[in-house]
Amino acid sequence: MNKQRKAIALISGGLDSMLAARTIQEQGIHVEGINFFTGFCVEGHTHAIREKDKAKPKRNNSLWVAEQLGIKLHIVDVIEEYKNVLLNPKHGYGQHMNPCLDCKIFMVNKAKQWIVENDFDFIITGEVIGQRPMSQRKATMPIVARESGADDLLLRPLCAKNLPATLPEREGWVDREKLHDITGRSRKPQMAMAKDFGIDEYSQPAGGCCFLTDKYYSAKLVDLWKARDSREYELDDVMLLKVGRHIRPQPHYKLIIAREEGEGRFLEGYKKDYISMKCVSHQGPLVLIDGTIAAEDLYLAASITARYGQGREAEQVEINVLYQDGAERCLQVKPMLEQDIPKAWFI
């Protein structure tokens with residue numbers, strides 16, 4: 001009796017990884033999913049925080065995809081290990097702070113370790129030749145396989161017919177003729193395949209799922225490193241860069257200003273870690289101060305805080321300053337005019 005083969009599928013939560021896993025499931029292979037948590041994933045976090053996104057599903061898309069496929073999903077925290085990938089990418093960055101090729105190598109390497117430890121046979125990814133300019137080109141596909149150590153145990157079902165046969169294909173574990181030959185950035189083939197599989201709901205097919213590909217987020221990350229004179233970071237740093245309006249009036253501190261009620265509730269959780277400001281004479285946003293703020297900086301920070309509240313046109317507003325130890329101070333300030341806040345202060 002032939003042994004049932006087992007594959008681990010990298011599940012991002014997007015359509016491609018969903019289709020890749022389903023393609024192999026259809027051939028009678030036992031498939032389980034794996035998702036590596038770096039802290040930089042887009043989906044779920046901001047939708048859960050912002051009031052304006054309350055109509056969007058509050059879900060982890062990787063878990064949701066695994067549920068639709070009927071497979072077990074292993075979520076692996078790689079925050080600490082991933083730091084070296086982000087800070088020292090061998091193959092460099094993409095357009096922003098995205099080390100996409102090194103990231104793919106890292107994740108496939110972690111998957112290779114996982115299949116060895118768990119007696120699985122091969123690895124599945126949803127990669128498509130030509131879809132991503134850095135990590136998904138025909139020239140970089142062999143680099144991922146080689147440098148990850150996965151070699152020909154790495155199967156890309158969506159574009160397999162455009163690549164040399166892997167071990168699972170040569171050994172007959174999977175039928176190469178039932179794999180696909182998708183190339184390029186168009187998502188029409190994937191959408192047609194989803195329809196054939198009876199999949200009518202999936203996350204948006206365009207765009208990446210990583211904040212590091214976003215130019216605004218990347219700018220905030222670079223600013224953070226520059227201000228701290230170190231490129232170290234923690235998960236809280238990663239999360240706070242996703243939320244609020246960031247303004248840096250001086251090199252030694254910045255303001256994180258809630259843009260709406262949901263963000264304000266989220267920032268409330270950090271009041272014991274940062275000096276915070278809030279207008280008490282009028283409605284206004286919660287503001288965190290990240291950095292070391294001098295006494296002479298408080299009035300400027302308070303004036304900016306007042307600008308983003310309902311007292312922005314008042315002659316004077318009262319701002320409450322709350323310190324980490326619970327001490328408080330009240331300031332009377334004139335709100336800063338919008339045109340007086342230099343664009344260079346916005347991160």
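In short, a report on the structure.

Calculation rules
Residues numbered from 1 in each chain as written. Predicted model: local features only at pLDDT ≥ 70, side-chain atom pairs only at ≥ 80, totals over all residues. Heavy atoms only, no water. Helix = DSSP H or I, 4+ residues; strand = E, 2+ residues; numbered from the N terminus. Buried < 20%, exposed > 50% of the residue type's maximum accessible area, 1.4 Å probe, protein only. Contact = heavy atoms within 4.5 Å. Areas by Shrake-Rupley, 256 points an atom, 1.4 Å probe, with all protein chains shown as cover. Lys, Arg positive; Asp, Glu negative; His and termini not counted. Salt bridge = Lys/Arg side-chain N within 4 Å of Asp/Glu carboxyl O. Axes fitted to C-alpha atoms, helices over the stretch in contact; angles between N-to-C directions. Parallel < 35°, antiparallel > 145°, perpendicular 65-115°, else oblique. Left-handed = near helix turned anticlockwise from the far one by under 90°. Nonpolar A, V, L, I, M, F, W, Y, C, P; charged D, E, K, R; others polar. Pairing = 2+ DSSP bridges. Phe/Tyr/Trp six-rings, centres within 6.5 Å; stacked < 30°, edge-to-face > 60°. Lys NZ or Arg CZ within 6 Å of the ring centre and 35° of its normal. Disulfide = S-S within 2.5 Å.

Focus: the overall build of the protein
Move 1: The helix and strand inventory of the protein stands at twelve helices and eleven strands.
Move 2: In terms of its C-alpha atoms, the protein occupies a principal-axis envelope of roughly 80 × 40 × 35 Å.
Move 3: Looking at the protein as a whole, 52% of its 347 residues qualify as buried.
Move 4: Residue pairs in contact within the protein that sit at least 24 positions apart in sequence constitute 65% of those at least 6 positions apart.
Move 5: As displayed, the protein offers around 16,800 Å² of accessible surface, 49% of which is attributable to carbon and sulfur atoms.

Focus on the side chain of Arg22
Move 1: Within the secondary structure, Arg22 is located in helix α1 (residues 15-25).
Move 2: Here Arg22 is buried and forms no salt bridge, its nearest opposite-charge partner Glu26 lying at an N-O distance of 4.5 Å.
Move 3: The residues contacting Arg22, other than those within four sequence positions of it, are Gln68, Leu69 and Phe197.

Some thoughts on the pattern of salt bridges
Move 1: Counted according to the given criterion, the structure contains 19 salt bridges.
Move 2: In this structure, Lys90 and Glu147 form a salt bridge, with 3.2 Å as the shortest nitrogen-oxygen distance. Highlighted residues: Lys90 in the loop between α4 (79-87) and α5 (100-118) and Glu147 in helix α6 (residues 141-148), separated in sequence by 57 residues.
Move 3: Here Glu147 falls in the partly exposed class, since its relative accessible area comes to 31%.
Move 4: Between Lys334 and Glu315 there is a salt bridge, with the nearest N and O atoms lying 3.6 Å from each other. On the criterion of sequence distance, the pair formed by Lys334 in the segment after β11 (328-333) and Glu315 in the loop between α12 (298-307) and β10 (317-322) is long-range, its members being 19 residues apart.
Move 5: Overall, Glu315 belongs to the exposed group, its relative accessible area being 62%.
Move 6: A single network of salt bridges, built from pairs that share partners, joins Glu80, Lys83, Glu232 and Glu234.

Focus: the packing of α5 against α6
Move 1: Packing of α5 against α6 leaves a shortest axis separation of 8 Å and a crossing angle of 45 degrees. On the basis of their axis angle, the class for α5 and α6 is oblique. Pair α5 / α6 crosses with right-handed handedness. Where α5 abuts α6, its residues Leu101, Lys104, Ile105, Val108, Asn109 and Lys112 lie against Ile143, Val144, Glu147 and Ser148.
Move 2: Looking at side-chain class alone, the contact of α5 with α6 contains five nonpolar, two polar and three charged residues.

Digging into the pairing of strand β6 (residues 245-250)
Move 1: Pairing of β6 with strand β7 (residues 253-257) involves four bridges; the strand directions are antiparallel. Bridging from a neighbouring strand, Ile247 pairs with Leu255 of β7.
Move 2: Counting the residues in the hairpin turn of β6 and β7 gives two residues.

Details of the packing of aromatic side chains
Move 1: This model, assessed by the stated rule, comprises nine aromatic pairs.
Move 2: On the basis of an interplanar angle of 70 degrees and a centroid distance of 4.9 Å, the ring pair of Trp114 and Phe120 is categorised as edge-to-face. Note on accessibility: Trp114 and Phe120 belong to one class, buried.
Move 3: With 4.9 Å between their ring centres and 35 degrees between their planes, Phe211 and Tyr217 make a pair best called tilted.
Move 4: Owing to a relative accessible area of 11%, Phe211 belongs among the buried residues under this scheme.
Move 5: Residue Tyr217 is classed as buried on the basis of its relative accessible area of 2%.
Move 6: Over the ring of Tyr233 we find Lys83; its NZ or CZ atom is 5.3 Å from the centre of that ring.
Move 7: Looking at Arg307, its charged tip hangs above the ring of Tyr308, at a distance of 4.9 Å from the centre.

Notes on unusual backbone geometry
Move 1: Phi at Asp151 is positive, roughly 50 degrees, even though this residue is not glycine.
Move 2: Mapped onto the elements, Asp151 comes out in the loop between α6 and β5 (154-155).
Move 3: Taking the relative accessible area as the measure of exposure, Asp151 reaches 43% and is therefore partly exposed.
Move 4: The phi angle at Asp229 is positive, at roughly 55 degrees, despite the residue not being glycine.

A closer look at α6
Move 1: Taken together, the buried positions of α6 are occupied by Met141, Ile143, Val144, Ala145 and Ser148.
Move 2: The elements touched by buried residues of α6 are α5 and β5.
Move 3: Positive phi shows up at Gly149, right after α6, with a value of about 85 degrees.

A look at the environment of Asp151
Move 1: Taking the C-alpha atoms as reference points, Asp151 and His96, separated by 55 residues in sequence, lie 29 Å from one another.
Move 2: In contact with Asp151, not counting residues within four places along its chain, are Ala145 and Arg146.

Thoughts on the state of the cysteines
Move 1: Applying the stated criterion across every chain, the model contains zero disulfides.
Move 2: Between Cys103, a free cysteine, and Cys210, which holds the nearest cysteine sulfur, the sulfur-to-sulfur gap is 6.5 Å.
Move 3: The exposure class assigned to Cys103 is buried, which follows from its relative accessible area of 15%.

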